[in-house]
Each structure stands twice: as structure tokens, then as C-alpha cells.
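# Examination of the molecular architecture
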Amino acid sequence: MTFSTPLTSPLHDRHVALGAKLADFGGWDMPIEYTGAGVVAEHTAVREAVGIFDVSHLGKAQVTGRAADGTTAVDFINACLTNDLRRITAGQAQYTLCCTEDGGVVDDLIAYVRADDDVFLIPNAANTAEVVDLLSAAAPAGITIVNQHTRYGIIAVQGPRSEEVLEGLGLPTGHDYMSFVDTTWQGRPVTVCRTGYTGEKGYEIVAGWDETPAVWDALAAAIEPLGGRACGLGARDTLRTEMGYPLHGNDLSPSITPVMAGSSWAVGWDKPSFWGKAALTEERAAKTTRLLRGLRVTGRGIPRPHCSVAVDGVDVGEVTSGTFSPTLKVGIALALLDRSVKVGDEVMIDVRGRDVSAEVVKPPFVTTGVRD
Amino acid sequence: MSDLEYPEDLRYTADHEWVREGNEGVVRIGVTAYAQDALGDVVFVNLPTVGDEVAVGDAVGEIESTKSVSDLYAPVAGEVVTVNEALAATPELVNSDPYGEGWMYELRLDVEATTDDLLDAGAYEAQLA
């Protein structure tokens, strides 16, 4: 697909009515923050109460069927993407990566296993078409990949009070982290996933594209008495950075591998095959590449992507994500650093020509309740 | 946004800064309601140093929000005589009170410097449209 004009979510008119500031996000015109709130207030609502996010820009794709030799959709995905789907069963979801043969990352995504012959994928907005193309090209006869980007909308409900919100709507809660339930809400099929990108307990609700506004309206009404807020993608970014969750395009990319990004836990190293296995296995054993670390600013300033990092005047790496932490009230960053730099070391970040001191830390930067 | 205000007693620049004339050739400088709204939550302000001599258009500091960073430009020439120390700990004053507690710094105007070339409230608001 080629998008000449920004696509809009099924909730676009809701965002406009709420006075959202909109910006391009992977080809989608999405809310960054809302009038009368802003990134800090929205971030705090998620950490302390609950927030709802429109993430309908995320991709959706379905992989179904089985090949004549018995290869199922699960087997096929397992032979392509990095993580090991044999670790989970139907009704569970898994974070995984789509790599190239040289180990670079095309995308990071979540795979939801409905059955051996039915896997639902949620890739990043901008990478969905490429992931679908790569899988389609590799699929044997009998296995079908369908891009369903605009068939479903997605609303994330995140925060310690998210469970109350869902209960109020009569939606299922209490299932394990990284699992999901297919159900109906007022006659509409919805999927309630215990997933998210904030570090808080939360859910992501997948609904039919045209039915997403009704779900949003019900959620918006339910969060109001709980101190909840509609949250934009600005808060989603500060929340995920506080957790040290990588963002594709910043902390994972065609040139930043899972080994470098500390995502080796999402690789099934003992699987017979996955895209990039040879290159990544070699890189992992060599132990020479830079590693993604956390930086917590001890001076004054906010690191941003591509700021260089030095120790005693010697360049040791580069910031990949950096922002202001609304929880800690200081600048925080993820940075690719030489292996000589250890947790606890002090480094200097070059923030537009000014030296800003920071301590190397192990993310997450905050403690949260994602598994509570 | 129609609810943003631009006080009549201030002068403005196209870079969304305001200048308030005070006693004895000292002017106070800050950013407009439009600027703080466009920036979003202000989380860091880097101000010039007292004693700095600045010329019109010099980049004298930075104002940073959760989303982006912008330079502060000197709207008039002069010497920095005071900076708003409160912004170090409470940069959010720029959002809550851009013309009051959220001021940035004060300059003693150079001998020949004047605010006459700056925009009045009507002209500033007109060029936002």
C-alpha cells in the first residue's frame, strides 16, 4: 500500500471534538495530546488511575491455514519470527521480532495465537505492509496472510484502575498478562487483550473498525468518575520510555539488532530456524556490539535521539530515545553504548553543545504494576 | 485557540515572545500564550547568564517541552540583569502563567535600543491567523 494522504482512525472525529493536537504517526493522523490536559497530565493519569489511548493506527494481520505437509500457521510464523511460539498456547500472546537475514529488525510485533491454524498479528503502523509482504512471499500453499489494517480499531485501557473500567462495561478481566479473550460487547465481537506499552496493568481492546467509536464512547464515560483521561501518543511515548520498552525506528531498526537492544529474551535461540538466526547467533557469541542502556540525567537537560554520549571526552555511544520523565521529573534516555560502559558509570551527554551528566542505569526507570 | 490572551500592554515578536517595559530601561521577556500552548507541557528552560550582552536575534536560551525544544531569541539588544530562577524547579509556570510567574529574564536596554519596532497585541494576534 502507498498512502498519499494521512490515514485517519475511526475515532478521528472524537479526537477533533476533544481538541486533540494531531500529528503524523507512520502515515496516520493521530492525537499527540489533548487540550486541557497535555502529556504530563495524561501520563500521570495512567500511572495513578487510568487512561484510554486510540492505537487504531497499529497494524493488524491474520495468518491462517495449514500446508499439505501439515505445517500450521503457528509453525510457519515460528519459522519466520524470532520468539518461540511453542512457549505459549491458544489464548496467549507473545512479543516477537521480524528480522532480516542479517539480523536487522524489520519490526517488533505481538502475535496472538487463537489456534494452531489461526494467528493474529499486531505490527507497528508504518511496518505492517512490509511484514505482510515478507510473510506472504515466504508462505507455503495453504497458509494465507491477510492485511486487516482497517478492519479493526484498537483502544488501549491502561492504568491501575483499568480493571474497574472494563468490569463496568461487562468486559472480561483478570486474565493473565499476555493473554486474551474473544467475547462480545453489546452484540459486537471484541477481543480483550491483557497487553500494553505503558508498564501499567492494562488491556487492549480490538473491535470492528466501524464499531470502535461505540466502545470508545462507553470507555470515555466509564473513566471519567475514576479520574481517567483520554491520552495521546505523546504520553504513550513517555510511559514506554520510563519502562525502557524499545520503539522501532529509535531503539530497534534495520541497523539495531535484538542482541544490541537487549531483546534476546524475545528470540528462540534453540529453534531450528527463524529469519536472521545465523547472523544473530554469531553476533550474540562475539559480544562486541554496543548495548542498549538506560541513562538517568544527574545534571540539567533532556537528552534527545542522536545526542552523542562520552566518558572522559571519548565517544562511547549515542542516545536512541530520550525524553523528560514525568514520574521522576528528570531527563531519561535509552542509548546504545560501548560494552566498556557499565551500569553505575557516569557519562556526559552532548545536548545541543551542552554537556549534561547522567548515570548509566538498568531500565525500567520506574516500578510499575504491569503484572499485578 | 480563541481562548488564548495577548495583553494590550505588552509588545510581541513573530517568534512568540513578549516584552514588558519596566522602569529605567529594563524590560522583562517571556513567551506568549500561543507559544506555551503550541509547545505543550514545558519541562525545562535554559536561560542566559546575568551579565550576558545580547544583540537582537541572538539565541540566548532554550525552552523545552515533553515534545520538542525551541530556542529563545533576544527581542531587543541589552545586558541580562535578572533571570527567573523559579523556572529551574517549576518550568510549568510557563504554561500556567506565561505573562506573570512564567517570565524568563530581564534586559537593560542598550542606549540606542527600543521596543518601537516590535508588534503590538493586535498585530501579533493578526499574524497568528
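Reading the values: rules and limits
All chains use their own residue numbering, which begins from 1 and follows the written sequence. To read the labels, note that chains go from A and ligands from 1, taken in the order they are written. Reporting of local features is limited, given that this is a predicted model, to residues whose pLDDT is at least 70; pairs of side-chain atoms are given and counted only at 80 or more, and all residues count toward the totals for whole chains, interfaces and linings. Computation of side-chain values: all heavy atoms of the structure, hydrogens and water removed. Secondary structure elements are defined from DSSP: runs of H or I of at least 4 residues count as helices, runs of E of at least 2 residues count as strands, and each element is numbered from the N terminus. In this setup the radius of gyration rests on C-alpha atoms only. A globule is expected at 2.2 Å times the number of residues raised to 0.38. Method for areas: the Shrake-Rupley scheme with a 1.4 Å probe, in which residue coverage is limited to the protein chains shown. Under the convention used here, Asp and Glu are negative, Lys and Arg are positive, and both His and the chain ends fall outside the count. In plain terms, the charge of a residue is placed at NZ if it is Lys, CZ if Arg, CG if Asp and CD if Glu. Throughout, a contact is declared for two residues whenever any of their heavy atoms are within 4.5 Å. What gets called buried area is simply the loss in accessible area from a 1.4 Å probe that two parts show on being joined, summed for both. We count a salt bridge whenever a side-chain nitrogen from Lys or Arg sits within 4 Å of a carboxyl oxygen from Asp or Glu. Any pair of N or O atoms that falls within 3.5 Å is considered a polar contact. Within protein, one atom must be able to donate a hydrogen and the other to accept it, and sequence-neighbouring residues count only if both atoms are side-chain atoms. Classes in brief: Ala, Val, Leu, Ile, Met, Phe, Trp, Tyr, Cys and Pro nonpolar; Asp, Glu, Lys and Arg charged; the others, Gly included, polar. For two strands to be treated as a pair, DSSP must find at least two bridges joining them. Confidence of the predictor at the level of single residues is given by pLDDT, which spans 0 to 100. Here an angle of 0 to 180 degrees is reported between the N-to-C directions of two axes, which are lines fitted to C-alpha atoms, with helices fitted over the stretch in contact. In these notes, a set of buried Ala, Val, Leu, Ile, Met, Phe, Trp, Tyr and Cys residues joined through side-chain atoms within 4.5 Å is what counts as a nonpolar core. Each residue gets one of three labels from its accessible area relative to the maximum for its type: buried under 20%, exposed over 50%, partly exposed in between, using a 1.4 Å probe on protein chains only.

Helix and strand counts for chain A come out as 8 helices and 20 strands. Relative to the globule expectation of 21 Å for 372 residues, the C-alpha radius of gyration of chain A, 21 Å, shows essentially globular dimensions. Seen through its principal axes, chain A has C-alpha atoms that stretch 60 × 55 × 40 Å. Looking at chain A as shown, the accessible area adds up to about 14,600 Å², and 51% of this sits on carbon and sulfur atoms. Positive and negative side-chain charges in chain A, numbering 32 and 46 respectively, have mean positions lying 4 Å apart.

With 16 residues of chain A at the contact, the number on the chain B side is 16 residues. Interface area for chain A against chain B, summed over the two sides, is near 1,300 Å², with a carbon-plus-sulfur share of 47%. Looking only at chain A, the three residues that lose the most surface to chain B are Arg300(A), Arg304(A) and Arg352(A), adding up to 37% of its buried area. Inspection of the region where chain A meets chain B yields 5 salt bridges. Residues Lys67(B) and Glu33(A) are paired through a salt bridge, measuring 3.1 Å at the closest nitrogen-oxygen approach. Linking chain A to chain B there are 10 residue pairs in polar contact (both at pLDDT 80 or more). Breaking the side of chain A that touches chain B down by element, the ones donating at least two residues are strand S3 (28–34), helix H2 (39–48) and strand S17 (314–325) of chain A. By residue number, the principal contributor to the side of chain A that touches chain B is H2(A), which donates 3 residues. Its residues placed into classes, the side of chain A that touches chain B shows 7 nonpolar, 3 polar and 6 charged.

Let us look at the sheet that holds strand S8 (residues 78–83) of chain B. All names here are of chain B. Strand order in the open sheet formed by 6 strands is S1-S2-S3-S9-S8-S5, and the pairing between neighbours is antiparallel. Looking at strand neighbours, the two that pair on one side only are strand S1 (11–12) and strand S5 (53–54), the edges of this open sheet. Judged from the 5 bridges that link them, S8 and strand S9 (residues 105–109) form a sheet pairing that is antiparallel. Across the sheet, the residue bridging to Glu 79 is Arg 108, located in S9.

Attention shifts here to the environment of Val343(A). Residues and elements named next belong to chain A. On the secondary structure map, Val 343 appears in the loop between strand S18 (330–337) and strand S19 (346–351). In sequence terms Val 343 and Cys 98 are 245 residues apart; their C-alpha atoms lie 29 Å from each other. Contact partners of Val 343, with chain neighbours within four places excluded, come to Arg 293, Val 360, Val 361 and Lys 362.

The omega torsion of the bond from Pro363(A) to Pro364(A) falls at 5 degrees, within 30 degrees of zero and hence cis. For Met178(A), which is not a glycine, the phi torsion comes out positive at approximately 65 degrees. With respect to the secondary-structure elements, Met178(A) resides in the loop between helix H5 (162–168) and strand S11 (180–185). We note that His16(B) has phi near 70 degrees; this positive angle belongs to a residue other than glycine. Mapped onto the secondary structure, His16(B) falls in the loop between S1 and strand S2 (17–21).

This prediction gives chain B a mean pLDDT of 93; 98% of its residues lie at or above 70. Interface scoring of the predicted complex returns ipTM 0.77; its pTM is 0.91.

Residues and elements named next belong to chain A. Across the sheet, 6 strands lie side by side as S11-S12-S13-S10-S4-S14; this open sheet has mixed pairing. Sheet topology places S11 and strand S14 (229–231) at the edges, where each strand pairs with a single neighbour. Within this sheet the neighbouring strands show an average axis-to-axis angle of 25 degrees, counted without direction. As defined by bridge partners, strand S10 (residues 152–158) adjoins strand S13 (residues 202–208) across 7 bridges and the pair is classed as antiparallel. Its bridge partner being in S13, Ile 154 is matched across the sheet by Val 206. Strand contacts of helix H7 (residues 233–243): strand S4 (51–54), S13 and S14, with the helix running at about 110 degrees to S4, the strand carrying the most contacts.

It is worth spelling out the nonpolar core at this point. Membership of the largest hydrophobic core comes to 48 residues, with the highest contact counts inside it found for Phe53(A), Val55(A), Leu97(A), Tyr112(A) and Ile122(A). Counting residues per element, the ones that place at least two in this core are S3, strand S6 (93–99), strand S7 (105–115), strand S8 (118–122), S10, H7 and S18 of chain A. Residue contacts for Phe53(A): discarding those within four places in its chain leaves Val46(A), Ile154(A), Ile155(A), Ala156(A), Gln158(A), Thr198(A), Trp216(A), Cys231(A), Gly232(A), Ala235(A), Arg236(A) and Leu239(A). Of all hydrophobic cores here, the second largest spans 25 residues; its members include Ala74(B), Val76(B), Val94(B) and Leu107(B).

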